[in-house]
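Overview (structure and organization)
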Amino acid sequence: MMKKIYLDYATTTPMHPEVRGAMLPYLGEFFWNPGSLYEESKKPREALEEARHQVALLIGARSEEIVFTSGGTEANNFAIKGVAFANQKKGTHIVTSQIEHQSVLYALKFLEKLGFTVTYVPVNKYGMVDPEEIAGAITEKTILVSIMYGNHEVGTLEPIAEIGRITREKGIYFHTDATQVVGILPVDVDTLGVDLLSLSGHKFYGPKGVGALYIREGVRISPLIHGGMQEEGRRAGTENISGIVGLGKAAELARKEMTQRIDHILFLRNRLGDALLKKVSGLYLNGHPTQRLPHYLSLCVECVKGDALTLLLDRKGIAVSPGSTCTFTARKPSHVLKAMGIPLELAEGSLLFSTGIYTREEDIDVVIETFPPVVEKLRRISVMNPSS
Ligand SMILES: *Cc1c(COP(=O)(O)O)cnc(C)c1O
């Protein structure tokens, strides 16, 4: 089989070899439970705290403010349900946006069934919320504002620091789902003014199934998972030591290599975007032109279906994502593109390219050659068979 050109780093990233190397001993000889009393358990215990330190350093937090989770999904659920349950005597209203990740939106839908109320603020055509809209949505019942940092479909970066100034002034907790941003761009919880922040290892060359929630000291939050006293009683269950060690190593590498990584992914992303937009007609860039994740190139392709395009590119050896989140079982038009006011027909032709540290210039050149004829072919078919 030919080597695939992988341009789907937004969905997941391969593990960095140093991450795997750091994890291996904890999948083997260092198997001990960090909660045990014998001498050996010091090893995983120290590794756990070293990883916590690395994750804290990456986002400008203190180690005690980091709780490890099973990933971004759990971190989002923990932040939202945990704050809701611990503060419901104070109020039952939450403010979010229309373009959040499913793990935020469905956690909130669940809370709505329990009697909480949620305001979903709109976004502009670039997928950006207006901080004034957030300020206007806050009532005396509001206990939490949750706005994502980088959108997972189009890459737009939200004005988190501005929103943070508003929530601080009003004394309301502020959570951000920074899963697409942490490990890619510099993140500092104090500059952003956030009280809770979600991150995930597999979006920045760490392992899958491990992430963290930053919880600012003093924030009232209930645990999501009850049981033992791991993570200071904030998340029960024997720790995923190898995963956590991998997350810590990924955080350390991201911090050290960040500038070079950004230069690389941005250069290749721009090279691809500039060439495709010049070569192919009826192609539109989604998301903010500048306030955008450096590896994101989300496009709408006129007269073409995004999933058909994805499958045809796959046959040509190129792995990308259809822009709208779609699985084999559920094909739903993207709520993000809809909120941005993109007509459904055009939104169905969305596609996401995302570059990464292992993307090479030659790969981009292959895509620049391959993409235009593939689009042309699909457009010919759709002209012959307009209902498909
Ligand atoms: C990937 C992602 C998540 C989910 O993270 P997992 O670790 O895969 O559960 C949540 N939010 C955003 C914005 C994401 O991109």
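These numbers were taken from a predicted model, which means no experiment stands behind them.

**A look at the overall build of the protein**
In terms of helices and strands, the protein carries twelve helices and 13 strands. Along the first, second and third principal axes, the C-alpha atoms of the protein reach 70 × 55 × 35 Å. When the 43 basic and 44 acidic side-chain charges of the protein are each reduced to a single mean position, those positions are 4 Å apart.

**Structural notes on the sheet that holds strand β5 (residues 142–146)**
Sheet architecture is open: seven strands sit in the order β2-β8-β7-β6-β5-β3-β4, paired in mixed fashion. With one partner strand each, in any of the chains shown, β2 (66–69) and β4 (117–121) form the two edges of the open sheet. For this sheet, the mean inter-axis angle between neighbouring strands, taken without regard to orientation, is 20°. For strand β3 (residues 93–97) and β5, the ladder comprises four bridges, and the chain directions are parallel. Each residue of the ladder has a partner; that of I94, found in β5, is L144. Strand contacts of helix α2 (residues 42–59): β2, β7 (196–200) and β8 (211–215), with the helix running at about 110° to β2, the strand carrying the most contacts. Contacts between helix α4 (residues 102–113) and the sheet are confined to β3, β4, β5 and β6 (173–177), with β4 contributing the most and set at about 145° to the helix.

**Some thoughts on unusual backbone geometry**
Even without being glycine, Y205 reaches a positive phi, approximately 70°. Assessed through its relative accessible area of 4%, Y205 is described here as buried. Backbone geometry at E231 places phi at a positive 50°, although glycine is not the residue there. Here E231 shows up in the loop between β8 and α8 (241–279).

**A closer look at a negative patch on the surface**
Where like charges cluster on the molecular surface, the negative patch consists of D130, E132, E133 and E162. Residue placement: E162 occurs in helix α6 (residues 160–170).

**Examining the site of the ligand**
Close to the ligand lie 14 residues; G72, T73, D177, S200 and K203 are nearest. In this structure, D177 approaches the ligand through a side-chain N or O atom, which is 2.7 Å from a nitrogen atom. Taking 380 Å² as the accessible area of the ligand by itself, protein coverage stands at 87%. Looking at which element gives the most residues to the shell around the ligand, the answer is helix α3 (residues 72–87), with three residues. Looking at side-chain class alone, the shell around the ligand contains one nonpolar, eleven polar and two charged residues.

**Some remarks on the domain arrangement of the protein**
Assigned domains within the protein: domain 1 (5–12 + 258–384) and domain 2 (17–253). One C-alpha centre belongs to domain 1, the other to domain 2; they are set 28 Å apart. Facing 33 residues of domain 1, the contacting portion of domain 2 comprises 33 residues. Regarding the contact of domain 1 and domain 2, the summed buried area is about 2,700 Å², with carbon and sulfur atoms giving 58% of it. Counting across the domain 1 and domain 2 interface gives zero salt bridges.

**With respect to the packing of aromatic side chains**
The tally for this structure, following the rule as stated, stands at seven aromatic pairs. Taking 5.3 Å as the distance between ring centres and 35° as the angle between the ring planes, the aromatic pair formed by F31 and W32 counts as tilted. When the ring of F353 is compared with that of F371, the centres are 5.7 Å apart and the planes differ by 70°; the resulting orientation is edge-to-face. Note that F353 is positioned in strand β13 (residues 350–354) and F371 in helix α12 (residues 361–384), a separation of 18 residues in sequence.

**Here's the deal with the nonpolar core**
With 76 residues, the main nonpolar core has I59, L197 and F204 as its most contacted residues. Among the elements that take part in this core, α8 stands out by supplying eleven residues, more than any other. If you count residues domain by domain, this core takes at least three from each of domain 1 (5–12 + 258–384) and domain 2 (17–253). Beyond its immediate chain neighbours, meaning those up to four positions away, F204 contacts T13, L58, V182, G183, I184, L199, L247, A250, A251 and A254. Formed by 26 residues, the second largest nonpolar core is a distinct cluster that contains L351, F353, I364 and V375.

**Here's the deal with the pairing of β3**
Look at any regular strand and the pattern is simple: side chains alternate between the two faces of the sheet. Most of β3 sits out of view: five of its five residues are buried. Alternating residues of β3 divide into H93, V95 and S97 and I94 and T96, and every residue in both groups is buried. As judged from the five bridges shared by β3 and β4, these two strands associate in the parallel manner. Note that in β4 the partner of I94 across the bridge is V118.

**Things to note about the environment of A275**
Summarising the element assignment, A275 is placed in helix α8. It is 6.6 Å that separates the C-alpha atoms of A275 and I368, two residues lying 93 residues apart in sequence.

**Notes on the side chain of E74**
Position of E74 relative to the elements: it lies in helix α3. The class of E74 is buried, set by a relative accessible area of 10%. Only 2.7 Å separates the side chain of E74 from the side chain of S70, close enough to count as a polar contact. Engagement of the side chain of E74 in a polar contact is seen with the side chain of R235, the distance being 2.7 Å. Residues within four places of E74 in sequence aside, it is in contact with T69, L224, I225 and R235.

Reading the values: rules and limits
- Residues numbered from 1 in each chain as written.
- Predicted model: local features only at pLDDT ≥ 70, side-chain atom pairs only at ≥ 80, totals over all residues.
- Heavy atoms only, no water.
- Helix = DSSP H or I, 4+ residues; strand = E, 2+ residues; numbered from the N terminus.
- Lys, Arg positive; Asp, Glu negative; His and termini not counted.
- Charge placed at Lys NZ, Arg CZ, Asp CG, Glu CD.
- Pairing = 2+ DSSP bridges.
- Axes fitted to C-alpha atoms, helices over the stretch in contact; angles between N-to-C directions.
- Contact = heavy atoms within 4.5 Å.
- Buried < 20%, exposed > 50% of the residue type's maximum accessible area, 1.4 Å probe, protein only.
- Patch = residues over 30% accessible without salt bridge, like charges linked within 9 Å, V, L, I, M, F, W, Y side chains within 5 Å.
- Areas by Shrake-Rupley, 256 points an atom, 1.4 Å probe, with all protein chains shown as cover.
- Salt bridge = Lys/Arg side-chain N within 4 Å of Asp/Glu carboxyl O.
- Near = heavy atom within 4 Å.
- Polar contact = N/O pair within 3.5 Å; in protein donor to acceptor, adjacent residues only side chain to side chain.
- Nonpolar A, V, L, I, M, F, W, Y, C, P; charged D, E, K, R; others polar.
- Domains from an automatic or database assignment.
- Buried area = accessible area lost by both parts, 1.4 Å probe.
- Phe/Tyr/Trp six-rings, centres within 6.5 Å; stacked < 30°, edge-to-face > 60°.
- Core = buried A, V, L, I, M, F, W, Y, C linked by side-chain atoms within 4.5 Å.

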